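# Analysis of the macromolecular model
Residues per chain, in single letters:
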Number of protein chains: 2
Amino acid sequence: MSQLEIETFLVEDRLEALKELIAPCRVVDAESCTEESWVELLKETNPRILVAGWKTKPLPANTRTEIAPALDYVCYMPGSVRKLVPRELIEQGLLVTNWSSSISRTVAECALLLSLACMRRVAYWSHQMHDQGGWKNGTTVTQSLFDRRIGIHGFGAVAKALLPLLRPFTDKISTYTEGVPEEVFEAYGVRQEKDLEKLFSENDVVIEAEALTPEREKIVGEKLLGLIPKGGSFVNVARGALVDEEALLAIAERGDIQVGLDVYTIEPLPEDHAFRGCRNIVLLPHLGGPSTDRRRDAADHSLENLRLFQNNQPVTEPITLDVYDRST
Amino acid sequence: MSQLEIETFLVEDRLEALKELIAPCRVVDAESCTEESWVELLKETNPRILVAGWKTKPLPANTRTEIAPALDYVCYMPGSVRKLVPRELIEQGLLVTNWSSSISRTVAECALLLSLACMRRVAYWSHQMHDQGGWKNGTTVTQSLFDRRIGIHGFGAVAKALLPLLRPFTDKISTYTEGVPEEVFEAYGVRQEKDLEKLFSENDVVIEAEALTPEREKIVGEKLLGLIPKGGSFVNVARGALVDEEALLAIAERGDIQVGLDVYTIEPLPEDHAFRGCRNIVLLPHLGGPSTDRRRDAADHSLENLRLFQNNQPVTEPITLDVYDRST
């Protein structure tokens, strides 16, 4: 890992705890490695466990067959393992974990922020107040989350983490996703809408928190967006490609709904993207999760998995081929 | 009241309920009155109860002595009664109520929004994303409210309404105010800080929710603001005059803390005010409470008070001279 990664993930006594868990171990500054020196290092140390961060150089496809045959477990502290681990290694049985749901609550927090920001039109007012000398007038319309109907598309870890944040505002929370047994919704005290159309037409705020699959690309298009009641809001903290962005822009420009976005089909969002400048859209640069100060949650999740691994117990949320293929 | 006020406060069946409660009554469009025709109308009808809104013309000081001696109760649906009711009328025993704490939860909601917006630097990112073609980079710092220490200055209705909104994020909530018995803090499960200095130095986020009194003008000055830990946030949803705005601007410009403001010493905020353009400050144009869609809460509060008044029971939260003098 890089020094900055060590300092933000492994805060307080976490670096010591990590060293103890995987002793004997070697701490390497990932930024001091070239791809060549990295391969040399793997050969020389032939580790059983690799704890890695964003700056760790990629593992070659022949890591387990030739370079470091002892490698059994890659504990990747951030999220996107694709850059680090080629698919073949997982096929060959390499155990890989990442921050998985340990960061979900910060993404849920971002969804709450974007929902509240839509209700009070923060992008508009930020522009008005900072750059236009603006102030409210007698016809200014603002909205509250209190007593609102909120629909969440998806019922994974982010959706679940959203529930306690939304409950102080409203008990009218529903969801839509496929393949989740009815008991799960009941256990969480939410209502499953009959279909995606109902989710969009029967709620004042629709929050996109569904996993991206090939079938779900642009699933949120003109038709669904047009079902959101006038004056409603649409928030996306999942993946940009779930949404037809042209349709979303058109409806936002008409002012029919307010929009809050943290994710985009193309990231970084192109400098000339038409979302920029549309003041009915609150724009964030994919800051959902985790915030810098909560990287420690990802570290705690990794430490717990390392503990399990060392005790020959199953780790939580390993990267299966299915998860790998769906990740970005 | 004006037609717009009737349509936003007295939604659904509330106008009918009101008419029933105070029958026989006369509904007058406040915007159709001149100050002269208003006085004529008061003389002619000599009402016992007046239900009023922002657009209602002021009551003359001699309303009860000469113009409309029967007037016993002014049920003002919005907040600031000073424009409508001269102090003398309250001295003479006129009963006056306003929306008082029925709107507090929307102000608390605004404080939560501003706190979350500070943590994710929404003013900065809104400008970057909309106007500068910006995107995050490897050193972007963001923060979460989870597990943060939050200090609330004041322990009135807004502070109390904030607690359920903050609790899903943290249990480290403390407060500081004078004259509230220890049992009250205990009942709400918050800790009273020893003094104002501790409130500012021992918390990551300080939320201003204290009532403005002459002694509290600019009570939040350079010294207190300087005690907030670097990287912390300061949010004001109470009154601008509680804060030394020059000191606040200086510390925000240095980037020591993030700031979220809904209220200002001078409102509307002057077009050339130096807050405008400082991207470490999230600026809203006093939208705290209530949002347009929650004006119904103020109406419900008024209806309940009219019910109590008609049943010769004490109304809730009448405007005493003390409250009147402290109001804006």
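Residues numbered from 1 in each chain as written. Chains lettered and ligands numbered in written order. Predicted model: local features only at pLDDT ≥ 70, side-chain atom pairs only at ≥ 80, totals over all residues. Heavy atoms only, no water.

### Structural notes on the pattern of salt bridges
In plain terms, the rule: The term salt bridge refers to a pairing of a side-chain nitrogen on Lys or Arg with a carboxyl oxygen on Asp or Glu at a separation within 4 Å. Strands are runs of DSSP state E lasting at least 2 residues, helices are runs of H or I lasting at least 4, and numbering of each runs from the N terminus. Each residue is assigned to one of three classes by its accessible area relative to the maximum for its type, calculated with a 1.4 Å probe on protein chains only: buried under 20%, partly exposed between the two thresholds, exposed over 50%.
Counted according to the given criterion, the structure contains 46 salt bridges over all chains. We note a salt bridge from Arg87(A) to Asp325(A), for which the minimum N-O separation is 2.8 Å. Of this pair, Arg87(A) sits in helix H5 (residues 87-91) while Asp325(A) is found in helix H14 (residues 321-326), placing the two residues 238 residues apart along the sequence. Its relative accessible area of 40% is what places Asp325(A) among the partly exposed residues. As a salt-bridge pair, Arg216(B) and Glu210(B) come within 3.6 Å of each other at their nearest N and O atoms. Each member of the pair, Arg216(B) as well as Glu210(B), is classed as buried. Via salt bridges that share partners, Glu12(A), Arg14(A), Arg296(A) and Asp300(A) belong to a single interconnected network.

### Quick word on the UniProt feature "domain: D-isomer specific 2-hydroxyacid dehydrogenase NAD-binding" (unreviewed entry) in chain A
Selection criterion: UniProt positions are given in the numbering used here, feature names are shortened, and annotations may be inferred rather than shown by experiment.
Here the UniProt-annotated "domain: D-isomer specific 2-hydroxyacid dehydrogenase NAD-binding" (unreviewed entry) positions come out as residues 114-288 of chain A. Annotated as residues 114-288 of chain A, this span is 31% helix and 14% strand, and its ends, taken at the C-alpha atoms, are 10 Å apart.

### Let's talk about the nonpolar core
Worth spelling out the cut-off: Definition of nonpolar core: a set of buried residues of the types Ala, Val, Leu, Ile, Met, Phe, Trp, Tyr and Cys, connected through side-chain atoms within 4.5 Å. Whether two residues are in contact is decided by their heavy atoms, any of which lying within 4.5 Å being enough.
Within the largest apolar cluster, 178 residues are counted, with the highest numbers of intra-cluster contacts made by Leu112(A), Phe200(A), Phe234(A), Leu112(B), Phe200(B) and Phe234(B). Beyond its immediate sequence surroundings of up to four residues, Phe200(A) is in contact with Val206(A), Glu208(A), Val220(A), Leu224(A), Leu225(A), Leu227(A), Ile228(A), Pro229(A) and Phe234(A). Grouped together as the second largest cluster of nonpolar side chains are 22 residues, Ala68(B), Leu71(B), Val96(B) and Ile319(B) included.

### Focus: the environment of Val28(B)
All names here are of chain B. With respect to the secondary-structure elements, Val-28 resides in the loop between helix H2 (14-21) and helix H3 (35-45). For Val-28, a relative accessible area of 22% translates into the label partly exposed. Each C-alpha atom, one on Val-28 and one on Phe-234, is 44 Å from the other, the two residues being 206 residues apart in sequence. In contact with Val-28, other than residues within four places in its own chain, are Met-1, Cys-33 and Leu-41.

### Notes on the sheet that holds strand E8 (residues 233-236) of chain A
All names here are of chain A. This is how the line gets drawn: Paired strands, as defined in this entry, are two strands with at least two bridges between them according to DSSP. Each axis is a line fitted through C-alpha atoms, taken for helices only over the stretch in contact, and angles between the N-to-C directions span 0 to 180 degrees.
With parallel pairing, the seven strands of this open sheet are ordered in space as E6-E5-E4-E7-E8-E9-E10. Of all the strands in the sheet, the pair left with one neighbour each is strand E6 (191-192) and strand E10 (281-283). Sheet analysis places strand E4 (residues 150-153) next to strand E5 (residues 173-176), joined by four bridges and oriented parallel. When the bridges of E5 are listed, Ile-152 appears paired with Thr-175. Strands in contact with helix H8 (residues 157-166) are E4, E5 and strand E7 (205-208); relative to E4, the strand with the most contacts, it is inclined by about 165°. Where helix H12 (residues 245-253) meets the sheet, its contacts fall on E8, strand E9 (258-261) and E10, and the angle it forms with E9 comes to roughly 135°.

### Points about the environment of Ile219(B)
Residue and element names in this part refer to chain B. Its location among the elements puts Ile-219 in the loop between strand E7 (205-208) and helix H11 (222-227). In the structure, Ile-219 is positioned 25 residues away from Asp-244 in sequence and 7.4 Å away in space, judged by C-alpha atoms. Once you skip the residues sitting within four places of it in the chain, Ile-219 turns out to touch His-153, Leu-196, Leu-224 and Leu-242.

### Some words on the domain arrangement of chain A
All names here are of chain A. The condition that has to hold: Just so you know, the domain bounds were taken from an automatic or database domain assignment. Note: buried area is the sum, over both parts, of the accessible area (probe 1.4 Å) each one loses when the two are combined. We define a polar contact as two N or O atoms separated by no more than 3.5 Å, with the added condition that, inside protein, one atom must be a possible hydrogen donor and the other a possible acceptor, whereas residues neighbouring each other in sequence contribute only through side-chain atom pairs. Note on residue classes: Ala, Val, Leu, Ile, Met, Phe, Trp, Tyr, Cys and Pro are nonpolar, Asp, Glu, Lys and Arg are charged, and everything else, Gly too, is polar.
On domain assignment, one finds that chain A holds domain 1 (3-99 + 292-326) and domain 2 (103-283). The C-alpha centroid of domain 2 is placed 34 Å from the C-alpha centroid of domain 1. When domain 1 packs against domain 2, the two sides together hide about 470 Å² of surface, and 58% of this comes from carbon and sulfur. Looking at the side of domain 1 facing domain 2, the largest losses of area belong to Trp-99, Arg-294 and Arg-326, adding up to 81% of the total buried there. Applying the counting criterion to the domain 1 and domain 2 interface returns one salt bridge. Residue Arg-105 pairs with Asp-297 through a salt bridge whose shortest N-O separation is 3.2 Å. Run the count over domain 1 and domain 2 and you get one residue pair in polar contact (both at pLDDT 80 or more). Here the side of domain 1 that touches domain 2 is built from residues that sort into two nonpolar, no polar and three charged.

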